[in-house]
Amino acid sequence: MAGGDVAIARANGIGNFNTLTFDTDATLATATLIATAINDPAITPPGTLTPITLPDASPTQVPAGNTGEAIIPTTATTDALFDTTNLSALGYQYVVDAATVPVAITLGLDQTLLVNTSTGTGSVIGAGGNTIVEGGGGNTVALAGDNNRLYLADGPDTVDAGSSGFSTIYGGTGDTTINGSSGTGNVDFLSATSNVVNQGSGASTIVSGAGTATISGGTGTDLIFGSTGAEVINSGSGSLTLVMAASQAASLTGGESSPTVFGAGGSDLTYGGGAGVLYVAGDGNETLNAATSTGGDTVFGGSGADSIAAGSGSLTFVASANQTATIAGGTSGATLVGNAGSDLTYAGSGPALYVAGGGNETLNASASTGNNALFGGSGPDSIAAGSGNDTVVAGTGVISATGGSGADVFAFFKGQVGSGNADVISSFDTKDVVLLSGYGPDGVASSVTGGGNTTITLSDSTTITFAGVTTLNPNQIVST
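Below, the structure is looked at part by part. (Residues numbered from 1 in each chain as written. Predicted model: local features only at pLDDT ≥ 70, side-chain atom pairs only at ≥ 80, totals over all residues. Heavy atoms only, no water.)

1. Structural notes on the overall build of the protein chain
In step 1: Of the regular secondary structure elements, the protein chain holds two helices and 46 strands.
In step 2: Taken across its 480 residues, the protein chain has 50% of its residues classed as buried. (Helix = DSSP H or I, 4+ residues; strand = E, 2+ residues; numbered from the N terminus. Buried < 20%, exposed > 50% of the residue type's maximum accessible area, 1.4 Å probe, protein only.)

2. A look at unusual backbone geometry
In step 1: In this structure, Pro-55 follows Leu-54 across a cis peptide bond, with omega equal to -5°.
In step 2: Relative to the helices and strands, Pro-55 resides in the loop between strand 3 (49-53) and strand 4 (67-72).
In step 3: Look at Asn-147: it is not a glycine, yet its phi comes out positive at around 60°.
In step 4: Structurally, the position occupied by Asn-147 is in the loop between strand 11 (140-142) and strand 12 (149-151).
In step 5: Given a relative accessible area of 51%, Asn-147 falls into the exposed group.
In step 6: Positive phi, normally seen in glycine, also occurs at Ser-247, with a value near 65°.
In step 7: Looking at the secondary structure, you find Ser-247 in the loop between strand 22 (240-243) and strand 23 (249-253).
In step 8: Classification of Ser-247 as exposed rests on a relative accessible area of 57%.

3. What to know about empty space enclosed by the protein
In step 1: All chains considered together, the criterion is met by two cavities of 30 Å³ or more.
In step 2: Approximately 60 Å³ is the volume attributed to the largest cavity.
In step 3: Around the largest cavity, the lining residues are Leu-143, Ala-161, Ser-164, Ser-167, Ile-169, Gly-180, Ser-181, Asn-186, Asp-188, Gln-199 and Ser-204.
In step 4: Of the residues assigned to the lining of the largest cavity, the class counts are three nonpolar, seven polar and one charged.
In step 5: Each pocket or cavity is described by its volume, and for the second largest cavity that value is around 30 Å³.
In step 6: Residue lining of the second largest cavity: Val-392, Ala-394, Ile-399, Ala-401, Phe-410, Ala-411, Phe-412 and Ile-425, and that is the complete set.
In step 7: Put simply, the parts of the chain that give the lining of the second largest cavity at least two residues each are strand 39 (399-402) and strand 40 (409-413).
In step 8: Among the elements that make up the lining of the second largest cavity, the one with the highest residue count is strand 40 (three residues).
In step 9: Here the lining of the second largest cavity is built from residues that sort into eight nonpolar, no polar and no charged. (1 Å grid on protein atoms, 1.4 Å probe; cavity = no way out; pocket = protein on both sides within 12 Å on 5 of 7 lines; lining within 4 Å. Points joined across faces, edges and corners; volume = space filled by probe spheres on them. Nonpolar A, V, L, I, M, F, W, Y, C, P; charged D, E, K, R; others polar.)

4. Re the environment of Val-337
In step 1: The residue Val-337 is located in strand 32 (residues 334-337) in this model.
In step 2: Since its relative accessible area comes to 29%, Val-337 is described here as partly exposed.
In step 3: A C-alpha to C-alpha distance of 5.9 Å links Val-337 and Tyr-354, two positions 17 residues apart in sequence.
In step 4: Among residues more than four places away in sequence, those in contact with Val-337 are Phe-317, Val-318, Ala-319 and Val-355. (Contact = heavy atoms within 4.5 Å.)

5. Some points on the side chain of Glu-231
In step 1: Structurally, the position occupied by Glu-231 is in strand 21 (residues 231-234).
In step 2: Summary of buried charges: Glu-231 has no salt-bridge partner, and the nearest side chain of opposite charge, Arg-149, is 20 Å away.
In step 3: Side chain to side chain, Glu-231 and Gln-248 meet in a polar contact 3.0 Å long.
In step 4: Among residues more than four places away in sequence, those in contact with Glu-231 are Ser-208, Ala-213, Ile-224, Phe-225, Gly-226, Leu-242, Gln-248, Ala-249, Ala-250 and Ser-251. (Lys, Arg positive; Asp, Glu negative; His and termini not counted. Salt bridge = Lys/Arg side-chain N within 4 Å of Asp/Glu carboxyl O. Polar contact = N/O pair within 3.5 Å; in protein donor to acceptor, adjacent residues only side chain to side chain.)

Pasting the structure below:
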């Protein structure tokens, strides 16, 4: 926030015809540039301001090299309508509203409007190529054409982007409602305490501010950059991409298309909708609560400790290297892909498919109740089964597996396990079975009991130690 008085003056007996107060950095900077362009004595030839006071029924052409300025006087009335369309072609590029009451203004092409801060305007209609600096609040602005720039101050303001394309809207310090455009390439910067953005059919970019925001997506392609403020976002029928800021809290309801979300350290997203979300985590600890999602969700983990809650749809989670994550699967189950050094804790009622990668990995699925299939990878893996009837498949790396309360199967496929590995199975009870596939009827070469454990050696020198088991039922070892 910054403010200041910008005096736009010129010689030729005109004096200071207007003093405007602007309340944001953006409006002040724009006003200063315009004042400099008019007042700078280095302009050649100097002293070349051509002003008129509206309404003027017979304006003349602005001489070549001059700056044309149309002034709405302080004596204007609330029912006054100022149409500067015809002045655009005559070279009057700048329009200054000095009125102390709201008035209606229709701009011509490529004109710049500066509005006093006392009351704002009743309404402004742009034509294209306009720069509009609204110093006050309570404005209604309608944009048309392309390449407009709108700077808002105090609010509450309403903007109808119409068919405008490649335009930029800068929100001010008050409430702002922006009705999206059917044009493409628009950028909305939201800096007010509260914003309502109703996106249109065009492709737009929204940059959130520090305040709260409610954003409704349209039928086009929308890109939203989050900030520190809380956001409530409703996707439309078009595609939506949300880039969250660090420590941001947001609520996103999906539309007809699956949104894409890029998280950040400390971000907290609540997601619901019929179309699944694609979530790409960043650095730091992040939370995705998709418990009300009914679509298939896909999550790529980041470098921090992530917490994921899935809904009734399926979940696919791909861990990053050395990641710690807590995952609550939904009723449809989950597919979990590990990575080197990853440490995953999984709970859910649906079936889980876990596929380990390379390196040391940990999967703790002891709180899961579904029937899970858990595959070890090429590195040393620690896998804990849940209360369902789970299947644990050893990989080429050493595996340390813990059975749950269900009837579990621990499978070893000859040629797909590391020859000579020393694998360990804990909590092996009478309901559990070890399957030795490809080993033939003589897959177990020897069995030794000692130290409270039983260790069997397979024909490929792989050893399996049953921790805490001193009497191993041979019927629980199936070798084919």
